[in-house]
Amino acid sequence: MTDSAATGAGYFDDEPGPGAQVPAAPETVEHIADEIRDDIRLGHVVDDDVNHVLQERLDGAGISMRPEDVDTLADEIERDAST
C-alpha cells in the first residue's frame, strides 16, 4: 500500500502532488504583474530590466508565456507604474 493510499495524502487534498503541472490562471499572471508594479513604485525594481524581472518571476511560478507577450506585459507594467 502506498503512503497516499494509507493516509489519503494527495488524494483528497486540493493541492497537486509533487511534480504535477498546474495550469496558469490569469489571476496568477496578474498577481505577479501587480507585485512588480508595487516593487517599481516602492523603488525596489529600478536598475533591473522589467522584462527580465517579469520573466524570472513567471519562471519561478512555473508559468510559460511567449516572449512577445512578456514584452507587452512588461511595457504595460512600466506604463502603469509610472502613472
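That block above? That's the structure.
Residues numbered from 1 in each chain as written. Predicted model: local features only at pLDDT ≥ 70, side-chain atom pairs only at ≥ 80, totals over all residues. Heavy atoms only, no water.

*Asks:* Which parts of the structure should I look at to understand the overall build of the chain?
*Replies:* Along its length, the chain carries 4 helices and 0 strands. Start at the N end of the chain and walk to the C end: the helices and strands fall as α-α-α-α. Buried residues in the chain amount to 23% of all 83 residues. Partitioning the intrachain contacts of the chain with sequence separation of at least 6 by distance along the chain shows that 49% fall at a separation of at least 24. (Helix = DSSP H or I, 4+ residues; strand = E, 2+ residues; numbered from the N terminus. Buried < 20%, exposed > 50% of the residue type's maximum accessible area, 1.4 Å probe, protein only. Contact = heavy atoms within 4.5 Å.)

*Asks:* I would appreciate a short explanation of the nonpolar core in the present structure.
*Replies:* A general tendency of soluble globular proteins is for nonpolar side chains to be buried together. Formed by 13 residues in total, the largest nonpolar core has its most connected members in I32, I36, L54, L58, L73 and I77. Of all elements in the fold, only α2 (26–41), α3 (50–60) and α4 (67–81) reach the threshold of two or more residues within this core. The contact partners of I77, leaving out residues within four places of it in the chain, are A33, I36, R37, I40, V50 and L54. (Core = buried A, V, L, I, M, F, W, Y, C linked by side-chain atoms within 4.5 Å.)

*Asks:* What's the story with the side chain of D39 in this structure? I'm lost.
*Replies:* Mapped onto the fold, D39 is located in helix α2. Within polar-contact distance, the side chain of D39 engages the side chain of R57 at 2.7 Å. (Polar contact = N/O pair within 3.5 Å; in protein donor to acceptor, adjacent residues only side chain to side chain.)

*Asks:* How should I be thinking about α4 in this particular structure?
*Replies:* Since there are 3.6 residues in each turn of an α-helix, residues three or four apart along the chain are aligned in direction. The first and last C-alpha atoms of α4 sit 21 Å apart over 15 residues, in line with the 21 Å expected at 1.5 Å per residue. For α4, every residue scored as buried is listed here: V70, L73, A74, I77 and A81. Angular distribution of buried residues about the axis of α4 spans 105°; they occupy a single face of the element. (Expected span 1.5 Å × (residues − 1). Arc of directions from axis to C-beta.)

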